[in-house]
Structures are given as structure tokens and as C-alpha cells.
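# Observations on the three-dimensional arrangement
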Amino acid sequence: MLKTPDWGMMIVFYFFLGGIAGGSYFTAAIADNFGSAKDRPVIRIGYWLSLPLVLICGILLIADLGVPARFLNMLFMFKFWDPMSIGAWMVGVFGLFSFLSCVLSLSSSEAMVTLRRKVSLVGTLAGFFLASYTGVLLSATALPFWSEARLMGALFLASGASTGMAAISLLLFLSGGSAGEGWGKVKRADRYSMVIELVILALFLGLLGSAAAPIIQGQFAPLFWGGLVVVGLVIPLALDFVGSKAKALSAVAAVLVLFGGFILRYVLLMSIQA
Amino acid sequence: MARTLAMFTDISLCIGCRACQVACKQWNELPMEDPEWTGTYQNHAHFTDKTYRLVRFIEKPQADGRLQWDLMSDVCKHCAQAGCLEACPTGAIYRTEYGTVNINQDMCNGCRYCVSSCPFGVVAFNHDTGRASKCTFCNDRIHNGLGPACAKACPTESIQFGFRDELVAKAKKRVETLKGMGFRGANLYGADSNEFLGGLNAFFLLLDKPGTYNLPDKPKLPQRNVFVDSLLSVGSAVLVGLGAIVAFRERGEGKGGGGNA
Amino acid sequence: MTTNLIDIQHSDVIMATSNMAENHPVGFQWVMKAKERGAKLIHVDPRFTRTSAVADVHVPLRSGTNIAFFGGLINYAIQKNLYFKDYVVHYTNASFLIDPAFKTPTDLNGLFTGLEQTGKGGPDPHVAERYNQGSWKYQLDAEGNPKRDLTLRDPNSVFQLLRRHYSRYTPEMVERVCGIPKQKFIEAAQLFCGTSGPEKTGSITYALNLTQHTNGVQNIRALCMLQLLLGNVGRPGGGVVALRGHANVQGATDLAVLYQDLPGYMAMPFRDRHPTFKDYLETETPKSGFWVNKPKFFVSLLKAWYGDAATKENDFGYDWLPKRASADAYSHQHIFVDMYKGKIKGFLLIGQNPAVGGPNAKLAREALGKLDWLVVKDIFLTEAAEFWKAPASPPHREAADPKSIKTEVFFLPAAPAAEKDGSLTNTMRLIQWHEKAVDPPGDVRSDAEFVYQIGKRLKKLYAGSKAKRDQGILALTWEYGDKEPDMLQVLKEMNGFALKDITDKDGKVVYKKGDPLSTFVHLTDDGSTCSGIWIYTGVTVNDAEGKLVNRAALRKKADEKDYLAHGWGFAWPANRRILYNRSAADPSGKPWSEKKKLIWWDAEAPGASPDKKGKWVGMDVPDFNAFLAPEAKGGDNAYIMRADGKGAFFGPLADGPFPEHYEPIESPTKNLLSKQQNNPVAKIWQVPDHRNDLAGVGSPDYPYVITTYRLTEHHLSGVMSRYLPMLAELFESHFAEISHELAAELGITNGDMVTVSTPRGKIHAKAMVTNRFKPFIINGKKTHQIGVPWHWGYNGIAKGDITNDLSATVGDPTVYIQETKAFLCNVKKGVV
């Protein structure tokens, strides 16, 4: 009887990349404000990863519209109770912070560094928002399962964190920076995020009860349990504990986390739109 | 704000002729679609982007051997608290001075959030135009002293149009009359502003429970949980943020970072 | 219909035997209004339809058993003393005495007295039997007036014969024959027969559910008799609600598009019965009743057609009229059988689509291929227009092979109603004028222009001819304009006007030459008036200033003073909305009750002349002489069109003076009422090449009853609906409605394709498995019935198989209408 919004792969990627963008940014911001000079690679990669991703996110959102040329119409409104409305604004706001933080990170003058840290601290809020709001957006619809999932935003945020941190660590590994101290810290942060994510996931399923059927039973169940829970969270956590010795394994773990993050968005979006 | 207008669909008078369905298509110049086989006379299971008024046919054999065949002309409810309107990020969905809800086709950018935000599954996306569309409450007609095309076409006056307060008063009397005639299940759906969604500006007289007509018993505004969901997200952010702080914080060097970047 | 759709709101009980909500939805609003006033609705129909959905009682009856049902009600009303005795005694022929030699089917095991073998062949040697109606007459007294027994007790009284005739139609019999559970029948009988009496009235609707049978005319008679018995005819909220099936079919039959009539329901002359004008008038004019005026109507008609060429000396052109060779000829079915046999060379097919809409449609399409030429005038390329390239419908129908068809086909596009001026006469005899809204595009022309131009060209072609058969065409008055005829001028001629100054007996000029006549009472038989159709006289009149008023174009709405809306359009005859309304008052002229008053005698009102007093007044035009006092001679003759002025229980027709139940020609059971299986004088055509094979009684090869019908969303053969996107999309496909029980037996689920077959043909459609069909128990045996709408064809936007390929070429003996409402079929799952 009810209708789905027919949001396909473009939106799955938007959710996924937006999570990484927000997650990598706020990781960089927190490292910038609470870490040390040794965390510089993490900070740099975090900021500079978020910028192209948020640009891609913007393009995906615009392209998915029925009339893409009218995307600016969303700036006619600001409905703070409407995730879609604030979301349209915040993508831009976050982009602005990402850009500022990136530009400011080019300079090593102390004044710029201090400014950068202040800007990023504020921008962290935008980063949290970008990673999580799409979950709140889904649960503010009339569709069963989505509308009953109170923890969807919280889950997306945790996933944004885990995938953002995994992305940073993967890029660090590929650029040869895994020898630095920053690698260990971002890995540690990632492990904390993954545990938080698993806990929230358990609460998420618990609160939903039988309403979670679209993802825990039927054709999407293998992807959910296998792709997200096992391959995307449990195995990488296990690998990571081992991989403090073998960095390559840790890097593989990061890839798996990214994979799991993608599967999470895919399953949540597609399971009731099939 | 002008006086609120409403459509009152009294299904006890409906003969399922579908003049309303066709009059609506004709007035709005909606193109033909491929009909669906539903196993009944109904030609679409639900509203589409090109069918704004849909007559439903529901066969219900009764315990006493009688057959009840419910004929119901369904339409957008023009809710006083409308999920689609609250969801629309461009403001294309707006409420007219008459209380009706309309989608401005010149403004809609086709994000489709409204499609998923209607508790009744009314709003649909038109793939040809790239915009969302639904019953306009014949916006052009009501701004020119006329009523909706469906109400005009209905031969038995099952669809009535007028000021909401007058129609509600009439509808309440009608329920009593029907109960007196033996229709014990007669009830109004959406007439009472205190019941749900602030009341519906297209409300119904049903002869049975709402579920019989695939209507939700107590429809709710989809945006009601945004605050709670947001708080829970903030909680998640706090946890994740604390975890990251703990992971990156230098022992013995205090907060605020140190050294040069 | 004898009454008026608006008046239905005053019924206390409405028995819809037709599917009124679906096929007359706009008229149905008055049924809903009646219900809002507390009326009850009974729906009698083998299917549970959208009418049943809003009915208080649904009475399911097997298709083809209407007389058993009505007879059951008549029997019930008589047995339970529920009939309106005063009405019956005074306003019907129930009290009249019949020749004692007459016997009913109760005594003669299904037959009436007088069935004979014709033996003499005639146009169709297979009409083996007909009734000699010699004993079907009143006993007369010395003055030649019918003898009566007002106590209704004489065994030869019509009433007692009626009682005896329907004594077999018990509720138990109704259950066995119709499949109506006895309790349900009694519930309906109590409810409806409870409307008899002064305080209540009931109306009965019918449409093709009653007409399309081999006892179609008798079906309607049975309904009329029930209404007379209950005293419902001519009273507010009563009457016989005949629901015509097109916007203007009433107009079509009024204007004698049918073969057996002249406009205004006069007989089309026969060669043998009416060789001369004098023979016609003598044979056709009764000695009493309003038809004594027939010569005036007939002469005025001839003057309208032939104008100055029609004179007293040449019998007003009577010899120019075509004359029928036989009563058993010229109907639709006759034409197509003759066409198939190659007897017809050319055919003008205007606004009709027999390739889909006629019975035995496959035969019809093959028949069209035997013509030399065919002209189709229609709004779209219909199946009939393209019969010569009908596509295949595998596996049962091969594509038509144009190479083997020699017919030359012309298609002339026709203008629909909005593109031309004209009038429509609807089911309540209401003539409504409409004006052209847009010009027709391109080569599209109205039917009137087509006919008018043909007439002009024929006149030109025959100019100077001395051949006898050309004189009629040459004599026609045929000047209505240049290209397109002026339809208002045509309407004025239909109404009738004075052909010279007409004065009253004091010499005062009542009509100047050319003035429209205001009433048919002013028509003359001396050639001083013309009228194209006497029943329409009054539709165009001059106002006080002498300006023409087209009453069909008036649009004054109903109000409290005039609920019948006399100011909206013009209802024939004489703008009378409820016919037979004398019977709304008792013999003394008082309304039967205050609640049911319509017209009454006002003894103090000014009379016909200054020295007289007394007039009938009220809410409608009195259906008789308004100045005739109730107690005067003939003052209680409520049925003025009949010679005896009384409603007829005893009404001789080709198949009997009383309706008797016979099974449809294809039936699942033997007749339980008598040994006579079918209507003994029904018409069954013999068609070569097995084109009209019939299933035997209770045939195991065709075990299911099938009925065909219409839907709200489509119109007839689909020409006015399947070509329009907004209507074509309302149904996903052609379908057959079958019960869950039958579906289970055949392994069919909702949406499966099924094959429905009869000895004439086969179709494929989707099965719509529904609770709205249930098997009947006929004589203790489970009998399935299915239903198939017949709107689909191979052209248009919405396409499907042609349901009428299944029906047969059989007909009612009086009017030869087909039996498409009840025959036999087989159903199989899948496309076979």
C-alpha cells in the first residue's frame, strides 16, 4: 500500500561515501585537537579524503533527483524537523568546513594551525551530522521497518566512524605511513568504533524485534549476517588484534570494514525496495 | 486564511462506477497507463503518478452468508498534518489557503522523499516528468468557484464538496442515520481533528473498520521521531568521539594537542 | 418506462431485476435517494453486482427463469391476498370473462389452447407451429361489450384464469427452477408484495436482462402483470421502469428505426393484410380507445413525408410505402442469416457493430463477407468496418483473408453527438436538445447529413423516372438545407404543423399555415396537418408572440412545486411524465392516499367550456381527457391506448396471453413447470455449414449456464469506450467471471487464461474468480453459471476476443430479439 522512494545505487553510494567523508573528517579533527605531531599523516589524510568525497556526494545527490537542474530549490527551505531539508544544507556546510580545513592544513604557521584546529572542532559537528543524518532520514518515513528503526542514525554514525577510520588507515598503509604512531592510534580508534557499532547494531535489532525481518530473514539475510556482521565487523576486529604484528593483515581488515560499511547501507536501503 | 474546504466520501452511496476516477484523469489531463490485473474490477493496486482517484473493490463474505462488496473511492487525504508536506525540502508541497495540500510542479525537484513519507501511500513519482504528483484537490477549480471534478462527476453524490465544518456536521448525522438503518459498523475516518494527523480534509464515511479498506487505524506523522532519533545519534557521536579522543590523546601531554602540526 | 427516473425516489420498495447501478448509474441516483428516505432495494440477478452491493436483499436467480420468478410472485400475491383489489377490479381486465374454450398451460401441460402446425411453409418453412388465437377473446354481451364479473369469482374471469395458470408457481417450484432458496424468495415476495395498497408503491426495473430471451416479450409482460396486480402502475413511486440501453435508443424506436413500425408505433403495412390505404386504416384502427385517432396520425405522417404530393385522391401516397412480405422477416437476425446465404447485395451499416455486438458474431462477420458492397458509417474503424482484415486469435481464429473476400467496403467517418445539433430521447421518454459544440474535423459528417445527401442524390438520379418504385423517393419532401440539414426544422416537422390556416368551429383561426401544432389532438386525417411522429407533438410550439419555442431545449430545474421538472425538456406524449396516471386516483377521482397523490378530480375547477365545471388537476399532465369526470362513461379507463381502456392481464401475443415459463433454447435442465421444454413458437434459424448448432438439454459437453452483460466502464461493442484511453485502461483485459467453486473444480486460479466454448464458437479470456458468482441448485442438482461481458473486439486500444461468437441465432417470436442472456457453454483452463 505504501510507496518506496526508489532510491537506488546512487543513494547507496551517497550514504556510504558520506559516512566515510564525515567519519574521516571528524577523526582528523579529533586527532588534530587531542593528538600530537606524530598524528600529522592521519590528520592530513583525514581532511583531504573528506573533500573529494563530499564533492562526489553532492554530485550523486544532484544526479539522483528527478529534475537535477533544480537542486538549488532545496535552499528555499530550512525545516529543522526535516532531515532531508537540513541534510541538503549540511552537505554544503560540511563541504565548506572540509574545504577550509584542507586549505588551512597547507600552512604550518601557528596561527593557521590554531585556526584550523578551532575550525575543525566546529566542523566535527557537521561531520557527525553528515555521517548520521541519512539514518534519521530513513526512519522519518512512513515505511515499516525504516520507521520503526530508532537507532538507524546512531548506527550510521558508528559506521561512518568505523569506515572513515578504516579508510584513513588503508590510505596510510598504501602510502607507506603505517610505520608511524598515527597508524596505531587510528587503528585503535577504529577498533573502539567497531565495538560501539556492534553494540548499537545489537540494540538496533533488539528494539526492532520482528520488524527487522527484511534484513535478518529472507534474501537479504546472508548479506546482512555474512557481509556486514561477520566479514565487515567480527573478522576485521579479530584480524586487527593479530595485525598489530602483521600490518598487511590490518590493512586487509580495513578493506573488510569498508566492505561491511557498504553492505550495511545497501541492505538497509534495498531490503524494502526490492 | 480562508475557510477550510473538504471532500467527504460517503461510501454507503458509492456504486463503484469510477466516474470520479475518469473525471479526475480527464480534468488533470493525465495520460493513459497500463492497467494491472488485480483479480477484481480495480485497475491499479494503489495510487500511481497518473491515477489520483482510485476506486477500490473489496469482496468480504460475511459470517451469515451474505456477501459484502465494499466499493470505495480512495483519494489523497489532504491531511491537516501532512507527512509529505513536512518532508518536502524545497517547499514544493504547500498548503493552500483552503487547507488543501498541493505539489507545485514548477518547484519539485524529484527527490522522492514525500513518496515515502505518506502514511497512505498516495504520493507517486512520475518518471516522465521527474516530479512527484498526487491529487491537487482540483486546485485550479477551487480557486475559480468550482468543486473538484470527482465530486462533480459522482452520480449518487457519494463524493461531496464544501466547507469542512459543514461537511463534518452532515457526516455525523449521516452516520447516525446509517446506524439506524442497521449499518452498525458505520464510522467516520478523519473527520475528528483530535483523532489523528489533525484531521483529514478528504475524510470518509466507512461501513467497516479502516483495515478493511487498507487504511491504517491510527496513521501517524512520520516526522514524530526525528527528535528522539537525533538524540540517539548524538549519543552515538559522543561514544564514538570519546573513543577517538581516548585513542589519540597523548599521555602526559594534556589536551589541546602539542607541538607543531 | 411508464414513469420517470426522478419519481423513483418515491418508491417504498424498488425491485431492480436489471443491473441498474452499473448500466444506468446516473438514473440510479434516484434509487439512492429513495433509499435515503427509507426505501428498500431488492436486486434480482444471477450475479452479485455493484447494484447488489448497495441492495438490501440480493436474490440470485438462474439466467432464463424470469417468468418462473415473476409467476411465483404473482402466485404469492394472489394466495396471500396481497394484491390491490380495487385497482385490479376497476383498472384492469381481471374482471373480464374469457371464452370458455380457452385453457391455460396448467391444464394443457405447458401450452395454451390453439397451437397448430402451420404446414404451409411461408418465408421460413421451419416455423412449424403457431397459435390460433380464436378462443383468446372476451365473452361479449348483446351490445358487443365484454362481459365482466366484478367479484372476480367467475371461473372464466381473467383473474381466476390467472390464479389457475400460476398455481404451479409455488415457492418450492421457484426454488427448484430458479435456484432461489425458498426463504430468500419469500423474503423478497413479502417485501415487494407488501407495497400493494393505497399507502405504498413499488417499482420494478428491467433492461436486457428480460428482453434478450426467446420469451423476452413475455418476461416483460410478467413484470407488468405483477405491477398491475399490486396496483403500482401509474402511481408515484410505482410503474414499470424499462431502462433503455443507449442515449437515444428510445428515440430510435420512437422514430421506427426498427422494421415493424412506423413512427409513433403504428404498424409497418403488410402486403397481404393491408394492400390498400382503406385496408390499412380499417384493420389497424380499433373501435375504441385512443388509437381510434390513428387515421389522423397516419395521414399526418404521410403528409409530413410526401407533402403536397400526398393528396386525398392518391390515398396520401400510401402506395409509395414499402410493405412487408411477412411478420417473420427483416429483423437483425433475419438480415444476417439472409446475408450469409448470399441474398443481400449491399448494406448500409450506420452506428452499429454487429461484428462484435450481434448474436453469433462469427456468422455476422462471415455474412458481411458475402456482400457485394458495405458502407460503414461510424466514429472509429470498428470491427465491422475491418471485418475483412480481422487478425488471428490463435488457436481458435484464423486471420481474415482479404483476397477471398469480394466485398467492397466504404468507410465514412461519423460525427458524434458533440459535433452536431440534434436531440436525444432517453429512457424516460424525455427529448433533450443539444447544440453542436465543435465542428467535425476533416471529412467527418453527421449521420443526418449523410442520409439527407443520399436522399437528394437519389431524387436527382430518379428525376423524370416513370417507374412505380421510384415515385416514393421523388415524392418525398426533402428540403432541409443546403449540405447539412437544419435539425430544428426536422424537429418542427416531426412535431407537426398546419398545412393551411385551421379554424375552430366558430371560424376563429387557431393555427395559421406553418404554425407548429401544440398537441396531437389537433392532428387531422384530411391532409390539413402534417406530423413526422405524433407522439412528439408539442415539442416545438409557438409562444404568445408567435416565436418558436423548442421545448426540448428548455432547462428549468425541478422544485417543490414541480418535482417532475416539466420545464426540463419535453417528455412524450404531451410532456406527460408518469403514464397511466388516472390510476393514481380511485374510481371516484380521489387520490388513493394523501401520501401517494399525483392527480385528482377537482369538481369545482373550470371545465371544458364556460358552462361546465370539473377538471383533473395535480402534479402531472393527466393521461386522458382532463375534463372527463371520474364517474362518466369511460371515466375509469386508465389505459386509454387499449381498446377496452383497461390494463391487461389477459394480453394475447404470439406465444400466449399469459407468460408461461419455458426454458431457454439451451438449458441445463428439463422444464419443471410443464412438458413443453421451450417456447413453442420461438424462432430458431436453420443456418447452413453448422453456423448455428445448438447444445441439447443438459448437454454434458456444455454443462455450464452462461450469461453475457455490460459493465459501467464500457459501452456495447466497445466502439465508444475501447478506443478512448481513459476508458480503455479501466480493465486490464477481457475477463470471464466464475465462482470459486467452479474454479476449484477446474483447477483455475484468479488471472489464469481460460477457454469458453459453445457449439458456435470459442473465446479466450482471463478468469476473474469471485465470490459474486455461486453455483445454483436446480432441481436438486448443482448447476454452475458463469458470466462474460461482451465489450471486447480486435480493434481499438483495449482488445480482446468477441464474446458474441458464443451466442446463437435464436429469437423471441414477437420481436425476434436474440437470447444472449441465457445459454450453455464449457470452460477449460488455459488457451485451448
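As the structure is a prediction and not an experimental result, all values here were calculated from the model.

All right, on to the nonpolar core then. Grouped together as the largest cluster of nonpolar side chains are 149 residues, with contacts concentrated most on Met-15, Phe-69, Phe-70, Leu-229, Phe-298 and Phe-658 of chain C. No other element matches the 9 residues that helix H4 (residues 66–79) of chain C contributes to this core. Residue contacts for Leu-229 of chain C: discarding those within four places in its chain leaves Ile-74, Ala-77, Ile-78, Tyr-83, Phe-84, Val-88, Phe-159, Leu-162 and Phe-649 of chain C. With 104 residues, the next largest nonpolar core counts Ala-29, Leu-51, Leu-201 and Ala-211 of chain A among its residues.

What follows concerns a nonpolar patch on the surface. All names here are of chain A. A cluster of nonpolar side chains, Phe-71, Leu-72, Leu-75, Phe-78, Phe-80, Trp-81 and Trp-89, forms an exposed patch at the surface whose accessible area comes to about 700 Å². Take Phe-78: it is sitting in the loop between helix H2 (40–64) and helix H3 (83–104). The exposure class assigned to Phe-78 is partly exposed, which follows from its relative accessible area of 49%.

Next up on the list: the sheet that holds strand E10 (residues 202–206) of chain B. All names here are of chain B. With respect to topology, 4 strands assemble into an open sheet ordered E8-E1-E10-E9, the strand pairing being mixed. The outermost strands of the open sheet, each flanked by one partner alone, are strand E8 (159–163) and strand E9 (187–189). The mean angle between the axes of side-by-side strands here comes to 25 degrees, regardless of whether they run parallel or antiparallel. Looking at chain direction, E9 and E10 are connected through 3 bridges and run antiparallel. The partner of Tyr-189 across the bridge, within E10, is Phe-204. The strands that helix H6 (residues 164–180) touches are strand E1 (5–10), E8, E9 and E10; relative to E8, the one it contacts most, it runs at about 135 degrees.

Time to look at helix H7 (residues 226–248) of chain B. The end-to-end C-alpha distance of H7 of chain B is 32 Å, a good match for the 33 Å that 23 residues give at a rise of 1.5 Å each. By the burial criterion, the buried members of H7 of chain B are Val-226, Asp-229, Ser-233, Ser-236, Ala-237, Val-240, Gly-241, Gly-243, Ala-244, Ala-247 and Phe-248 of chain B.

This brings us to the interface of chain C and chain B. On the chain B side, the residues contacting the 39 residues of chain C number 33 residues. The interface formed by chain C and chain B contains 4 salt bridges. For Glu-157 of chain B, the salt bridge goes to Lys-33 of chain C, with nearest N and O atoms at 3.7 Å. Counting the contacts that link chain C with chain B gives 13 residue pairs in polar contact (both at pLDDT 80 or more). At the level of secondary structure, the elements contributing two or more residues to the side of chain C that touches chain B comprise helix H1 (20–23), helix H2 (29–36), helix H3 (50–53), helix H20 (725–728), strand E26 (735–739) and strand E28 (762–770) of chain C. Ranked by the residues each element gives to the side of chain C that touches chain B, the list is headed by H2 of chain C, at 5 residues.

Under the counting rule described, the total for this entry stands at 60 salt bridges over all chains. A salt bridge links Asp-74 of chain B to Arg-56 of chain B; the nearest nitrogen and oxygen atoms lie 2.9 Å apart. Of this pair, Asp-74 of chain B sits in strand E3 (residues 67–74) while Arg-56 of chain B sits in strand E2 (residues 54–61), and the two are 18 residues apart along the sequence. Residue Asp-74 of chain B is classed as buried on the basis of its relative accessible area of 0%. On the basis of relative accessibility, which here comes to 2%, the residue Arg-56 of chain B falls in the buried class. The residue Asp-439 of chain C makes a salt bridge to Lys-436 of chain C at a minimum N-O spacing of 2.9 Å. In this structure Lys-436 of chain C comes out as partly exposed when scored by relative accessible area, which is 30%. A network of salt bridges, in which partner residues are shared, links Arg-18 of chain B together with Glu-22, Arg-50 and Glu-713 of chain C.

The rules behind these values
- Residues numbered from 1 in each chain as written.
- Chains lettered and ligands numbered in written order.
- Predicted model: local features only at pLDDT ≥ 70, side-chain atom pairs only at ≥ 80, totals over all residues.
- Heavy atoms only, no water.
- Core = buried A, V, L, I, M, F, W, Y, C linked by side-chain atoms within 4.5 Å.
- Buried < 20%, exposed > 50% of the residue type's maximum accessible area, 1.4 Å probe, protein only.
- Helix = DSSP H or I, 4+ residues; strand = E, 2+ residues; numbered from the N terminus.
- Contact = heavy atoms within 4.5 Å.
- Patch = residues over 30% accessible without salt bridge, like charges linked within 9 Å, V, L, I, M, F, W, Y side chains within 5 Å.
- Areas by Shrake-Rupley, 256 points an atom, 1.4 Å probe, with all protein chains shown as cover.
- Salt bridge = Lys/Arg side-chain N within 4 Å of Asp/Glu carboxyl O.
- Pairing = 2+ DSSP bridges.
- Axes fitted to C-alpha atoms, helices over the stretch in contact; angles between N-to-C directions.
- Expected span 1.5 Å × (residues − 1).
- Polar contact = N/O pair within 3.5 Å; in protein donor to acceptor, adjacent residues only side chain to side chain.

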